[in-house]
Amino acid sequence: MGTTITIPPVTETSLIEPDVLQRVLSRALAGGGDMAEVFAEDSTSSSALLDDRKVEELSSGRSRGAGIRVIEGETTGFAHTADLSEAGLLAAAEAAAAVARQGGGQARTVALGPSAAHTRGARTLPGSVDKATKLDLLRRADEAARATGGAISQVQVGCGDSRRRVLIANSDGRLATDEQIRTRFSVTCVANGDTGLQTGYESLARTEGYEIFERHRVEDLAQVAATRALTKLSARPAPSGELPVVLAGGSGGILFHEACGHGLEADHILKDASVYSGQVGQLVASPLVTLVDDGTVWGEWGNFAVDDEGYAPARNVLIENGVLTDYMWDWLRARKEGRESSGNGRRQSYQHLPMVRMTNTYLLAGTENADEIVAQTPTGVYIKKLGGGQVNTATGDFVFGTTEAYLIENGRITEPLRDANLIGNGPEVLRRIDAVADDFDMTPGTCGKDGQSVPVGCGQATLRITGVTLGGTA
């Protein structure tokens, strides 16, 4: 008995025509199965890099293909191909279905090469901005960074943009498309002084086109990066021990993304590999903490119209006034629990299976004044910007570096610090937040998980943690 699949008509130029999608999905389920899905993608990108006043990179690229997923019971079959012809898609569908029928409860991937008859499209730049305009932005930033101080010995400036078109169709009749345009700009400065070489970094990244430079001056980004490097030349080694920490607005969102957010992703929860498993309805944080994951925040780095399974993103409240309210869900994990996806199914490209991922994750702002929070902290550390870090989702333990930090003495921000690491536990940090300001801000980032990277946003207002272990070198 055949499987009938109805695909709604597409009203715009599609990566794959609806009648082809119908036949491919039917072929995927011809031998049985619970669900079949086609994820098609056409991505173009370009980048430019100015290093030590020399153009080191000026490149563009294109990636085009489809991934086909077939689910039968607990087994997932997945095949991807760069061939978007009907023959190529049918071959991928058959390969994915064959893997799903093997059972075993595991996900296996089959990569198909392009068919002999397949012709790739020409390599194109993703935007209409010419190279001369991009190089002018790079040179302006370079000049502004060097003008900040004579100790700046090296400047590296990069910009990039991408245009990603996706189409998702599945055997439940879901059909969704999205076009995501992203632009990024970064400046790295090296300052040379008595304490050696010190580095400063600043970036801008938005889910928008080059119109972002009408609102953001590259010279300002360059000056921030250069000032960070110059400040470190006079910085003292950070102290060690447990101290109160004040995180500046927008600077510490990555801490909550890593130390708390990953533990609230449903794949970790269902594997009982998270410190937050089975805690819905329980007080897991200070009553001042409301943690949200929201892919609908326009323009932020983790913004999109539909996730990579075709579901609209949502404003998902994970912790409300300190109480754990929900987790983040993709379609596969939500199906097991008899609920809807929360719009958190994401994948790096058509060559990857989707998994539960964050979008824009942030703590809601409070009502206090940021300066007053510092003034009411007799001693501690003020962190203007956090660096990278890592977390153990099963325990919540984390380690983070800092890129800009200062000592707090008698309620005043005083000497700059260097070589500081924050060491702690995510749930414990959430409980120790005792003040939240009203100066909310967000920063962009790239999140890595199981070998896949996706763009995300992180945010919070200035807040104080009553005690965190600082691993310094003093």
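Everything below is about the structure printed above this text.
Only a predicted model underlies this, so the values are computations on that prediction, with no experimental measurement involved. (Residues numbered from 1 in each chain as written. Predicted model: local features only at pLDDT ≥ 70, side-chain atom pairs only at ≥ 80, totals over all residues. Heavy atoms only, no water.)

## Details of the overall build of the protein
Okay, step 1: Across its full length, the protein holds 9 helices and 23 strands.
Okay, step 2: The C-alpha atoms of the protein give 24 Å as radius of gyration, which agrees with the globular expectation for 474 residues (23 Å, within 12%).
Okay, step 3: If you line up the protein on its principal axes, its C-alpha atoms span 80 × 55 × 35 Å.
Okay, step 4: The buried share of the protein, taken over its 474 residues, is 55%.
Okay, step 5: Partitioning the intrachain contacts of the protein with sequence separation of at least 6 by distance along the chain shows that 72% fall at a separation of at least 24. (Helix = DSSP H or I, 4+ residues; strand = E, 2+ residues; numbered from the N terminus. Rg over C-alpha atoms; globule rule 2.2 N^0.38 Å. Buried < 20%, exposed > 50% of the residue type's maximum accessible area, 1.4 Å probe, protein only. Contact = heavy atoms within 4.5 Å.)

## A word on the pattern of salt bridges
Okay, step 1: Following the criterion strictly, the structure yields 37 salt bridges and no others.
Okay, step 2: A salt bridge links E86 to R23; the nearest nitrogen and oxygen atoms lie 2.6 Å apart. You can see E86 sitting in helix α2 (residues 86–101) and its partner R23 sitting in helix α1 (residues 18–28), a full 63 residues away along the chain.
Okay, step 3: The class of E86 is partly exposed, set by a relative accessible area of 27%.
Okay, step 4: Here D142 ties to R53 by a salt bridge, and the two come within 3.6 Å at their closest N and O atoms. Taken together, the residues D142 in helix α3 (residues 131–148) and R53 in the loop between β1 (35–51) and β2 (54–72) connect sequence positions 89 residues apart.
Okay, step 5: R53 gets classed as exposed once you look at its relative accessible area, which sits at 59%.
Okay, step 6: Members of the salt-bridge network, linked through shared partners, are D136, R140, R217, E219 and D220. (Salt bridge = Lys/Arg side-chain N within 4 Å of Asp/Glu carboxyl O.)

## Thoughts on the side chain of T443
Okay, step 1: Structurally, T443 is set in strand β21 (residues 441–449).
Okay, step 2: Setting aside its immediate chain neighbours within four residues, T443 contacts G250, K385, V456, G457 and C458.

## Focus: the packing of α3 against helix α4 (residues 218–233)
Okay, step 1: For the pair α3 and α4, the least separation of the axes is 8 Å and the interaxial angle reads 35°. The hand of the α3/α4 crossing is right-handed. Contacts from L137, R140, A141, A144, A145 and T148 of α3 reach α4 at V218, E219, A222, Q223, A226, T227 and L230.
Okay, step 2: Within the contact of α3 with α4, the residues separate by chemical class into 8 nonpolar, 3 polar and 2 charged. (Axes fitted to C-alpha atoms, helices over the stretch in contact; angles between N-to-C directions. Left-handed = near helix turned anticlockwise from the far one by under 90°. Nonpolar A, V, L, I, M, F, W, Y, C, P; charged D, E, K, R; others polar.)

## Some words on the side chain of S286
Okay, step 1: Summarising the element assignment, S286 is placed in the loop between α6 (266–270) and β10 (291–294).
Okay, step 2: Among the polar contacts made by the side chain of S286, one reaches the main-chain carbonyl oxygen of I433 at a distance of 2.9 Å.
Okay, step 3: In this structure, S286 is in contact with N321, G322, L430, R431 and I433, ignoring residues within four places of it in sequence. (Polar contact = N/O pair within 3.5 Å; in protein donor to acceptor, adjacent residues only side chain to side chain.)

## Focus: the environment of V456
Okay, step 1: Examined against the element boundaries, V456 turns out to sit in strand β22 (residues 452–460).
Okay, step 2: The exposure class of V456 is buried, given its relative accessible area of 2%.
Okay, step 3: Residues V456 and N303 lie 153 residues apart in sequence; the distance between their C-alpha atoms is 7.8 Å.
Okay, step 4: Not counting the four nearest positions on each side in its chain, V456 is found in contact with H257, W301, G302, R346, M358, T359, N360, T443, P444, G445, T446 and C447.

## Observations regarding unusual backbone geometry
Okay, step 1: The backbone of N410 shows a phi angle near 50°, a positive value even though the residue is not glycine.
Okay, step 2: Tracing the sequence through the fold places N410 in the loop between β17 (397–409) and β18 (412–418).
Okay, step 3: At D450, a position not held by glycine, the phi torsion is positive, near 50°.

## Re the pairing of strand β5 (residues 152–170)
Okay, step 1: Within β5, 14 of the 19 residues are buried, leaving the element largely enclosed by the surrounding structure.
Okay, step 2: With 15 bridges connecting them, β1 and β5 associate as antiparallel partners. Counterpart to A48 in the pairing with β5 is C159.
Okay, step 3: As defined by bridge partners, β5 adjoins strand β6 (residues 175–193) across 17 bridges and the pair is classed as antiparallel. Across the sheet, V155 pairs through a bridge with C189, a residue of β6.
Okay, step 4: The antiparallel hairpin formed by β5 and β6 contains 4 residues in its connecting segment, where G173 sits at a positive phi of about 95°. (Pairing = 2+ DSSP bridges.)

## Some words on α1
Okay, step 1: Within α1, the full set of buried residues consists of P18, V20, L21, V24, L25 and A28. Viewed end-on, α1 has its buried residues packed into an arc of 155°, placing them on one side of the element.
Okay, step 2: In this structure, the buried side of α1 is in contact with β1, β2, α2, β5 and β6. (Arc of directions from axis to C-beta.)

## Remarks on the packing of α1 against α2
Okay, step 1: Two numbers describe how α1 lies on α2: the axes approach to 8 Å, and their chain directions differ by 25°. Classed by the angle they form, the pair α1 and α2 counts as roughly parallel. For α1 against α2, the interelement crossing comes out right-handed. Between α1, through V20, R23, V24, R27 and A28, and α2, the contact on the second element is made entirely by E86, L89, L90, A93, E94 and A97.
Okay, step 2: In the contact of α1 with α2, the residues fall into 7 nonpolar, no polar and 4 charged. (Parallel < 35°, antiparallel > 145°, perpendicular 65-115°, else oblique.)

## So, the sheet that holds β10
Okay, step 1: Here we have 6 strands laid out as an open sheet, ordered β12-β11-β10-β15-β22-β21, and mixed in their pairing. The open sheet has two edge strands, β12 (323–324) and β21, and neither has a second partner.
Okay, step 2: Note: β21 against β22, 9 bridges, orientation antiparallel. Note on β22: the bridge partner recorded for T446 is P455.
Okay, step 3: Sitting on the sheet, helix α5 (residues 253–261) is in contact with β10, β15 (360–363), β21 and β22, with an inclination near 125° to β22.

## Details of the packing of aromatic side chains
Okay, step 1: As enumerated under the stated definition, the model contains 5 aromatic pairs in all.
Okay, step 2: Arranged with centres 5.7 Å apart and planes meeting at 75°, the rings of F185 and F213 form a pair that is edge-to-face. You can see F185 sitting in strand β6 and its partner F213 sitting in the loop between β7 (196–206) and α4, a full 28 residues away along the chain.
Okay, step 3: When its relative accessible area of 1% is taken as the criterion, F185 is described as buried.
Okay, step 4: Owing to a relative accessible area of 16%, F213 belongs among the buried residues under this scheme.
Okay, step 5: An angle of 70° between the planes, with centres 5.5 Å apart, marks the rings of Y362 and F440 as edge-to-face. Taken as a pair, Y362 in strand β15 and F440 in the loop between β20 (433–436) and β21 lie far apart in primary sequence, 78 residues in all.
Okay, step 6: In this structure Y362 comes out as buried when scored by relative accessible area, which is 8%.
Okay, step 7: Judged by relative accessible area, F440 falls into the partly exposed class, the value being 32%.
Okay, step 8: Taken together through their ring pairs, the aromatic side chains of F185, Y210 and F213 make up a single cluster.
Okay, step 9: Stacked on the ring of Y311, the Lys or Arg R174 has its end atom at 3.7 Å from the ring centre.
Okay, step 10: Lying across the ring of W301, R182 places its NZ or CZ 5.6 Å from the centre. (Phe/Tyr/Trp six-rings, centres within 6.5 Å; stacked < 30°, edge-to-face > 60°. Lys NZ or Arg CZ within 6 Å of the ring centre and 35° of its normal.)

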